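Observations on chain architecture
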Number of protein chains: 2
Amino acid sequence: MAQPAIITVAITGSQPTKAQNPAVPLAPPEQVESTHQAFEAGAALVHIHVRDDEGRSSSDADRFARVQEGIRKHCPGMIIQFSTGGRGRDPAERGSALKHRPDMASLATGSVNFATIVYENPPPLIDDLARSMIEHEVKPEIEIFDLAMLYNARELVDRGLLKAPVHVQFVMGIPGALPAREKVLDFLIGELETFLPGATWTAAATGRHQLEANRWALAKGGHLRT
Amino acid sequence: MAQPAIITVAITGSQPTKAQNPAVPLAPPEQVESTHQAFEAGAALVHIHVRDDEGRSSSDADRFARVQEGIRKHCPGMIIQFSTGGRGRDPAERGSALKHRPDMASLATGSVNFATIVYENPPPLIDDLARSMIEHEVKPEIEIFDLAMLYNARELVDRGLLKAPVHVQFVMGIPGALPAREKVLDFLIGELETFLPGATWTAAATGRHQLEANRWALAKGGHLRT
Ligand SMILES: [Zn+2]
Ligand SMILES: [Zn+2]
Ligand SMILES: [Zn+2]
Ligand SMILES: [Zn+2]
């Protein structure tokens, strides 16, 4: 494929704490500045999680709005993507920031184990988030942590809750979910072409597999994520 | 592979009710008789769920023991497998019947969506069930509802919680989990050979896909399940 790769930056995430890594940007101004640095280094898309004052994963719509506003000012043209996932968030609140109409938002289309817990995305919640994204004209990024989520995304298209062509991210390397394995990625890409023709995709992997996943994505026609 | 196919019968299941189908055997004597009929028709292994007096999915160890005792009497040599899964069971009770030392028990090695709910198998519960099966010398049947569960089973072998070679069942056709699709089964079999060499397997599919899954299993060297 001749399409240019889009370099994405994921700031903060839902898990790391200041105690583990003092450089993790948790407050909105820090998040904006960290995004700005990535933007100047070439990142075109930012994936945003926010935290509360105690550093816990949060769904606070105002915080999302403050980060969005700062990034719009400092990083003109950058694509802003809100996370609707991540561990430790109240399911009923996970879509509350969509009303601020980010360009994109993440949407996990199934449930899977993550390390010691169950990352729960019950079907009615997935439907609600998808509906809210349509209502607020937010482009979903389908997060695929396990194979069934790909077929579930197709189901959502068939039911009118997702607009084709979709954009997906394959996430690899989380214990309990899919491993960072090229053969798995190849299978996912083949099934994507069959079930969601025209879809664009990116591949992300945790920790030490991150660069490998970027290389695979570049070689196979995907977008990039740092 | 030249190994003989083992024909399995799953009685009752965790979902159907008498209201939906009056022929579903719910009480232990009915379950024993239904199993006996399948045994005489050639089934060599029985997968057992039990119900409480209201017909709800149950983990009652005494009920499991009564069904086990009846099947041992009526169906000499038949392999008895207790379910540790199924919807609507208290997680803390799911392994309580293992003390009765069935020949086998099911063990789902991950979480996934099932229709409108999350079928939750948190990693600590999986570990506990696997440990209890080792303690009571029960052979697990690994239930694979989504791809990551296969790699999770390998992890359990590496951590000494499962003994290789394992036996797995690929379950297809439940909405939210893997579809009944030959290409998916082929990929699962290939990954099984790579990550769990020597494993035996069977394939089950829901409803109208059941016969198709049986045909695939016969053709590809798996066991059968009705
Ligand atoms: Zn700046
Ligand atoms: Zn995220
Ligand atoms: Zn009998
Ligand atoms: Zn069962």
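Scroll up to find the structure this text is about.
Read on for a plain summary of the structure. (Residues numbered from 1 in each chain as written. Chains lettered and ligands numbered in written order. Predicted model: local features only at pLDDT ≥ 70, side-chain atom pairs only at ≥ 80, totals over all residues. Heavy atoms only, no water.)

With that settled, consider the coordination of the zinc ion (ligand 1). For a metal bound by four donors in tetrahedral geometry, the ideal donor-metal-donor angle is 109.5 degrees, whereas six donors in octahedral geometry ideally sit at 90 or 180 degrees. Residue and element names in this part refer to chain A. Around the zinc ion (ligand 1), the protein contributes the donor atoms Glu33 (OE), His36 (ND1) and His74 (ND1), at 2.0 to 2.5 Å from the metal centre. Donor residues for the zinc ion (ligand 1) sit on one chain with the sequence pattern E-x2-H-x37-H. Of the two residues, Glu33 is situated in helix α1 (residues 28-40) and His74 in helix α2 (residues 61-74); the sequence distance between them amounts to 41 residues. (Donors = N, O, S within 2.8 Å, 3.2 Å for Na, K, Ca; no water. Helix = DSSP H or I, 4+ residues; strand = E, 2+ residues; numbered from the N terminus.)

Attention shifts here to the coordination of the zinc ion (ligand 2). The coordination sphere of the zinc ion (ligand 2) contains the protein donors A:His47 (NE2) and A:His49 (NE2), at a distance range of 2.0 to 2.1 Å. Considered together, A:His47 and A:His49 belong to a single accessibility category, that of buried residues. (Buried < 20%, exposed > 50% of the residue type's maximum accessible area, 1.4 Å probe, protein only.)

Our next topic: the relation of the copies chain A and chain B. Screw-axis analysis of chain A against chain B gives a translation of 0.0 Å along the axis, an RMSD of 0.0 Å, and a rotation angle of 180°. Classification of the inter-copy transformation places it as that of a two-fold axis. Interface overlap between copies is the fraction of interface residues in one copy that are interface residues in the other; for chain A against chain B it reaches 100%, indicating a shared surface. (Least-squares fit on C-alpha atoms with pLDDT ≥ 70 in both. Contact = heavy atoms within 4.5 Å.)

So, on to the interface of chain A and chain B. Contacts between the two partners involve 30 residues from chain A, matched on the other side by 30 residues from chain B. A combined buried area of about 2,200 Å² lies between chain A and chain B, and 60% of that area is made up of carbon and sulfur atoms. Inspection of the chain A/chain B interface yields four salt bridges. The salt bridge involving B:Lys183 is made with A:Glu191; its shortest N-O contact spans 3.9 Å. Here chain A and chain B share twelve residue pairs in polar contact (both at pLDDT 80 or more) between them. Elements supplying a minimum of two residues to the side of chain A that touches chain B: β7 (112-114), β8 (117-119), α3 (123-135), α4 (148-158) and α5 (182-195) of chain A. (Buried area = accessible area lost by both parts, 1.4 Å probe. Salt bridge = Lys/Arg side-chain N within 4 Å of Asp/Glu carboxyl O. Polar contact = N/O pair within 3.5 Å; in protein donor to acceptor, adjacent residues only side chain to side chain.)

Tallying each qualifying case throughout the model produces 13 aromatic pairs over all chains. Here the aromatic rings of A:Phe64 and A:Phe82 are separated by 4.6 Å at their centres, their planes lie at 40°, and the arrangement is tilted. Of the two residues, A:Phe64 is situated in helix α2 and A:Phe82 in strand β5 (residues 79-82); the sequence distance between them amounts to 18 residues. Neither residue differs from the other here; A:Phe64 and A:Phe82 are each classed as buried. Both rings, one in B:Phe114 and one in B:Phe145, keep their centres 5.0 Å apart while their planes meet at 70°; by these two values the pair is edge-to-face. Here B:Phe114 is found in strand β7 (residues 112-114), whereas its partner B:Phe145 is found in the loop between β9 (139-144) and α4 (148-158), with 31 residues between them in sequence. Just as B:Phe114 is buried, B:Phe145 falls in that class too. The structure contains a cluster of three or more aromatic residues connected by ring pairs, namely A:Phe114, A:Tyr119 and A:Phe145. (Phe/Tyr/Trp six-rings, centres within 6.5 Å; stacked < 30°, edge-to-face > 60°.)

Another point: the nonpolar core. In terms of nonpolar packing, the biggest core is built from 98 residues, with A:Phe145, A:Phe170, A:Trp201, B:Phe145, B:Phe170 and B:Trp201 touching the most fellow members. Every residue in contact with A:Phe145, bar those within four places of it in the chain, is listed here: A:Ala108, A:Val112, A:Phe114, A:Tyr119, A:Val171, A:Ile174, A:Ala177 and A:Leu178. (Core = buried A, V, L, I, M, F, W, Y, C linked by side-chain atoms within 4.5 Å.)

Before going further, it helps to examine the packing of α5(A) against helix α5 (residues 182-195) of chain B. Angle between the axes and distance between the axes: these two values describe a pair of packed helices. Contact pair α5(A) / α5(B): the axes reach a minimum separation of 12 Å and the direction vectors enclose 180°. Considering their axes alone, α5(A) and α5(B) lie roughly antiparallel with respect to each other. Judged by residue contacts, A:Lys183, A:Val184, A:Phe187 and A:Glu191 of α5(A) engage B:Lys183, B:Val184, B:Phe187 and B:Glu191 from α5(B). (Axes fitted to C-alpha atoms, helices over the stretch in contact; angles between N-to-C directions. Parallel < 35°, antiparallel > 145°, perpendicular 65-115°, else oblique.)

Right, let's talk about helix α6 (residues 210-220) of chain B for a bit. Residue and element names in this part refer to chain B. Within α6, burial applies to Ala213, Asn214, Trp216 and Ala217. Angular distribution of buried residues about the axis of α6 spans 165°; they occupy a single face of the element. Relative to its buried face, α6 has exposed residues pointing more than 90 degrees away, namely Leu211, Arg215, Leu218 and Ala219. Note on α6: the residue one or two positions beyond its end, Gly221, has a positive phi of about 95°. (Arc of directions from axis to C-beta.)

Without other data, these values stay purely geometric and don't point to any function.
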